[in-house]
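The primary structure of each chain is shown beneath.
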Amino acid sequence: MFEWAVLAYSAFTLVLIALLWGQLVSPVPMLLGRVGVVALTLVLWQLYRWKPSKLTMLLRVVGQLCLLGWWYPDTYEFNRLFVNLDHVFASCEQALFGCQPALLFSPQFSSPWVSEPLCLGYVSYYPMIGAVAAYYFLKRYERFAYSAFVILASFFLFYVVFIFLPVAGPQFYYEAVGTDQIAAGHFPALGHYFLSHQESLPIPGQGLFRDLVQQAHNAGERPTAAFPSSHVGVSVVLLWLAWEARSLRLFLPLLILTVLMFFATFYIQAHYAIDAIAGLFAGTALYWLLRWVYRLQVFGARR
């Protein structure tokens, strides 16, 4: 069932490409990329049907998980066409907290003793996904396809939000406006600024994990996908899956890393604090929704 999530998102974005063809910067590579994803999905699916085994099932899931890094920056190609909304979210942040946590957090706690654990939590994102998938494969194989569906569908639902909600996040917005303006409480609208700009603030802190975050940022980050935080949201989904698996050895490390990641999102200025908070609620809502959808589909198929 998890392939249907991939194919549905591919079809949905293909329709968007067709509708926005004349406005997109690079529609042909986007189109060809989706053709490749669909072809790979169908090949792996057919391979499993030809020779069903744990190995071919693993290939099906790993193939889709590896493509998540390709799908993420793709959302930028869509949402940069829309008017940027960072000024709205920065204003909400100011109204709620009386300050900008993303601006003040890292200067107040610049020691590696703070930055390194937080950056460790942030770079643990994909290893956490791998750990949960591996646990279900090795220990709860009968639920492996279910866990893959919940994880992949969560990502794609976040990506749908990111396409239509153009919020770049503090590292891009603060750089564009100027941190002196942000500190003074001025949050100007930028319109279509991010249609052609991707400059961002450097990752704060120092140390190995900070450098890893910076390298990941340089490789694939775009002014997109700030609200809600999918890092926090997907981590919460993984926590629920670990809890459902009844494994404290899996759940407790994930809990620690998720707490670190929650604070890291606005420490490294990737998100506003409200993005991280929204991620907690979004992750929980997605888990229960997708759990219900999967059960509905499975029980329906058995009738």
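Residues numbered from 1 in each chain as written. Predicted model: local features only at pLDDT ≥ 70, side-chain atom pairs only at ≥ 80, totals over all residues. Heavy atoms only, no water.

Undergrad: Residue-level account of the pattern of salt bridges, with values.
TA: Taken as a whole and assessed by the stated rule, the structure comprises 7 salt bridges. With a shortest N-O distance of 3.0 Å, Glu 244 and Arg 143 are connected by a salt bridge. Here Glu 244, found in helix α13 (residues 230–244), pairs with Arg 143, found in the loop between α8 (125–139) and α9 (144–164); they are 101 residues apart in sequence, far enough to count as distant. Its relative accessible area of 16% is what places Glu 244 among the buried residues. (Salt bridge = Lys/Arg side-chain N within 4 Å of Asp/Glu carboxyl O. Helix = DSSP H or I, 4+ residues; strand = E, 2+ residues; numbered from the N terminus. Buried < 20%, exposed > 50% of the residue type's maximum accessible area, 1.4 Å probe, protein only.)

Undergrad: Break down the nonpolar core for me, with residues and values.
TA: One finds Tyr 159, Tyr 173 and Leu 241 to be the most contacted residues of the largest nonpolar core, which totals 93 residues. Examining the composition of this core, we find that 14 residues originate from one element, α9, more than from any other. When sequence neighbours within four positions are dropped, the list of residues in contact with Tyr 159 reads Tyr 9, Leu 68, Trp 71, Tyr 72 and Thr 75. (Core = buried A, V, L, I, M, F, W, Y, C linked by side-chain atoms within 4.5 Å. Contact = heavy atoms within 4.5 Å.)

Undergrad: Give me empty space enclosed by the protein: which residues, what numbers.
TA: Counted by the stated rule, this structure contains 1 cavity of 30 Å³ or more. When its residues are assigned to classes, the lining of the largest cavity shows 9 nonpolar, 4 polar and 1 charged. (1 Å grid on protein atoms, 1.4 Å probe; cavity = no way out; pocket = protein on both sides within 12 Å on 5 of 7 lines; lining within 4 Å. Points joined across faces, edges and corners; volume = space filled by probe spheres on them. Nonpolar A, V, L, I, M, F, W, Y, C, P; charged D, E, K, R; others polar.)

Undergrad: Tell me about helix α4 (residues 68–79), and please be specific about residues and values.
TA: If you check α4, its first and last C-alpha atoms are 18 Å apart, about what 12 residues at 1.5 Å a residue would give, namely 16 Å. Most of α4 sits out of view: 10 of its 12 residues are buried. Where α4 is concerned, the buried positions are Leu 68, Trp 71, Tyr 72, Pro 73, Asp 74, Thr 75, Tyr 76, Glu 77, Phe 78 and Asn 79. Structurally, α4 contributes buried residues whose contacts are with α1 (2–19), α2 (27–50), α3 (54–66), α9 and α12 (208–220). (Expected span 1.5 Å × (residues − 1).)

Undergrad: Just give me the short version of the environment of Ala 273, but keep the residues and values in it.
TA: Position of Ala 273 relative to the elements: it lies in helix α15 (residues 273–302). Overall, the relative accessible area of 4% leaves Ala 273 in the buried class. Distance from Ala 273 to Ser 229, taken between C-alpha atoms, is 9.3 Å for residues 44 residues apart in sequence.

Undergrad: Break down the side chain of Arg 60 for me, citing the residues and quoting the values.
TA: Positionally, Arg 60 belongs in helix α3. Discounting residues that sit within four places of it in the chain, Arg 60 has contacts with Phe 2, Glu 3, Leu 44, Trp 45 and Tyr 48.

Undergrad: Kindly report on the layout of surface pockets, identifying the contributing residues and their values.
TA: As a volume, the largest pocket reaches approximately 430 Å³. Lining the largest pocket are 27 residues; nearest its centre among them are Tyr 72, Tyr 122, Tyr 126, Glu 221 and His 231. With 5 residues, α12 is the single largest residue contributor to the lining of the largest pocket. Grouping the amino acids of the lining of the largest pocket by side-chain chemistry returns 18 nonpolar, 8 polar and 1 charged. Around the second largest pocket sit 12 residues that line it, and Met 1, Met 57, Arg 60, Ala 145 and Tyr 294 are the ones nearest its centre. Taken together, the elements giving at least two residues each to the lining of the second largest pocket come down to α3, α9 and α15. Counted by class, the lining of the second largest pocket contains 9 nonpolar, no polar and 3 charged residues.

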